[in-house]
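# Secondary and tertiary structure notes
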Amino acid sequence: MQITELTPAFFPAVVSLANTIHGDNYLSHDSLTAMQLQGITKGINASFVAVDEQQQLIGYRLSFAAGQWHPDNWCTEALWPVPRADMAYFKSVGVSTAQRGKGIASLLLQASVRALKHQGAKAGLAHIWRESPGNAAQRYFSQAGAVLVKVHPQRWRHLSETVGYFCPVCGALCNCSAAEMVLTFSAG
């Protein structure tokens, strides 16, 4: 297994895996193109993929550079430990079903944290899908050192209503909640 930077060559496989895990219309080629650019600053790419020995995609991590994303209604800036200008954003992670439980998501997160720190970020924010199977997403992010800021009910409902997002848990109208969590980066 190898962790490497996300490039356009991986876009079709990332879109397919993300939509399989997170639901139809979660990602498109156009949205992924924009997201990948949000993760690049100072010539450093903060988004990564994991590939197996045959170079088949088994996981991905999308991360946005500090200053290259906009807080929304589900961001509680007053509770953040760093200013907005120093806050990166962990947009999405996914690992294929057959590869889960092997530490791949953690390795992808570590790669993104290293890149984000090199870019100058001091912390990263994520909206963790609390209804992931067994709430594994929140457990994994907590184990990485992230702390809960606030829980946001129906975080993705607007995507169901506006772009046709189809939640794998709720169906056509997503009622899932998000744990707004911050991972503060250590010095060094």
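These lines cover the structure that appears in this document, whether it is placed above or below. (Residues numbered from 1 in each chain as written. Predicted model: local features only at pLDDT ≥ 70, side-chain atom pairs only at ≥ 80, totals over all residues. Heavy atoms only, no water.)

### Things to note about the nonpolar core
Our working definition: Only buried residues count toward a nonpolar core, which is a set of Ala, Val, Leu, Ile, Met, Phe, Trp, Tyr and Cys residues joined through side-chain atoms within 4.5 Å. Relative accessible area decides the class of each residue, using a 1.4 Å probe on protein chains only: under 20% of the type maximum gives buried, over 50% gives exposed, and in between gives partly exposed. In this description a helix means any DSSP run of H or I spanning at least four residues, a strand means any run of E spanning at least two, and both kinds are numbered starting from the N terminus. Only heavy atoms matter for contacts: two residues are in contact if any of them lie within 4.5 Å across the pair.
By size, the foremost hydrophobic cluster in this structure holds 35 residues, and its most contacted members are Val14 and Leu27. Where this core is concerned, the elements lending two or more residues are helix 1 (11-22), helix 2 (29-38), strand 4 (48-51), strand 5 (57-64), strand 6 (87-95), strand 7 (123-129) and strand 9 (178-184). Tallying contributions element by element places helix 1 first for this core, with six residues. What valine 14 contacts, discounting residues up to four positions off in sequence, is Leu6, Leu27, Leu32, Val49, Leu57 and Tyr60. Core analysis: the next-biggest nonpolar cluster, separate from the first, contains 26 residues, Phe90, Val93, Ala115 and Ala126 among them.

### Overview of the pairing of strand 7
Sheet faces and side chains relate simply in a regular strand, where the side chains alternate between the two faces. The condition is simple: Think of it this way: DSSP has to see at least two bridges between two strands before they count as a pair. Here the term right-handed applies to a crossover when the path leading from its first strand over the helix to its second strand runs clockwise, the strands being oriented away from the viewer.
Counting buried residues along strand 7, seven of its seven residues qualify, which places the element largely inside the surrounding structure. Every second residue of strand 7 is oriented toward a common face, with Ala123, Leu125, His127 and Trp129 on one face and Gly124, Ala126 and Ile128 on the other, all of them buried. Sheet topology places strand 6 next to strand 7; four bridges connect them, and they run parallel. If you follow alanine 88 over to strand 7, its bridge partner there is glycine 124. Read from strand 6 through helix 3 (residues 104-119) to strand 7, the crossover connection turns out right-handed. One ladder, built from seven bridges, connects strand 7 with strand 9; its direction is antiparallel. Each residue of the ladder has a partner; that of alanine 123, found in strand 9, is threonine 184.

### A few points about the packing of aromatic side chains
Heads up, the rule is: For this analysis, a ring pair means two rings from Phe, Tyr or Trp (six-membered ring only for Trp) whose centres lie within 6.5 Å, classed as stacked if their planes differ by under 30 degrees, edge-to-face if by over 60, and tilted for the remaining angles.
Per the counting criterion, the structure on display carries seven aromatic pairs. Taking 5.6 Å as the distance between ring centres and 75 degrees as the angle between the ring planes, the aromatic pair formed by phenylalanine 90 and phenylalanine 141 counts as edge-to-face. Linking phenylalanine 90 in strand 6 with phenylalanine 141 in helix 4 (residues 136-143), this pair joins segments that are 51 residues apart in sequence. Take phenylalanine 90 and phenylalanine 141: they sit in the same class, and that class is buried. These aromatic residues form a ring-pair network of at least three members: Phe64, Trp69, Trp80 and Tyr89.

### Focus on unusual backbone geometry
Not every positive phi belongs to a glycine, and asparagine 25 is a case in point at roughly 70 degrees. Its location among the elements puts asparagine 25 in the loop between helix 1 and helix 2. In the Ramachandran plot, lysine 42 falls in the positive-phi region, its phi being about 55 degrees despite a non-glycine side chain. Within the secondary structure, lysine 42 is located in the loop between strand 2 (40-41) and strand 3 (44-45).

### Considering the side chain of arginine 155
Following the sequence through the fold, arginine 155 ends up in the loop between strand 8 (147-152) and helix 5 (157-163). Apart from residues no more than four positions distant in its own chain, arginine 155 is found in contact with Asp72, Trp74, Tyr89, His127, Cys176, Ser177 and Ala178.

### Quick notes on the side chain of asparagine 19
To be explicit about the condition: Here a polar contact is taken to be a pair of N or O atoms separated by no more than 3.5 Å, where protein atoms must pair a possible hydrogen donor with a possible acceptor and residues adjacent in sequence count only if both atoms sit in side chains.
The topology assignment puts asparagine 19 in helix 1. The class for asparagine 19 is buried, based on a relative accessible area of 18%. At a separation of 3.1 Å, a polar atom in the side chain of asparagine 19 contacts the main-chain amide nitrogen of tyrosine 26. Once you skip the residues sitting within four places of it in the chain, asparagine 19 turns out to touch Asp24, Asn25, Tyr26 and Leu27.

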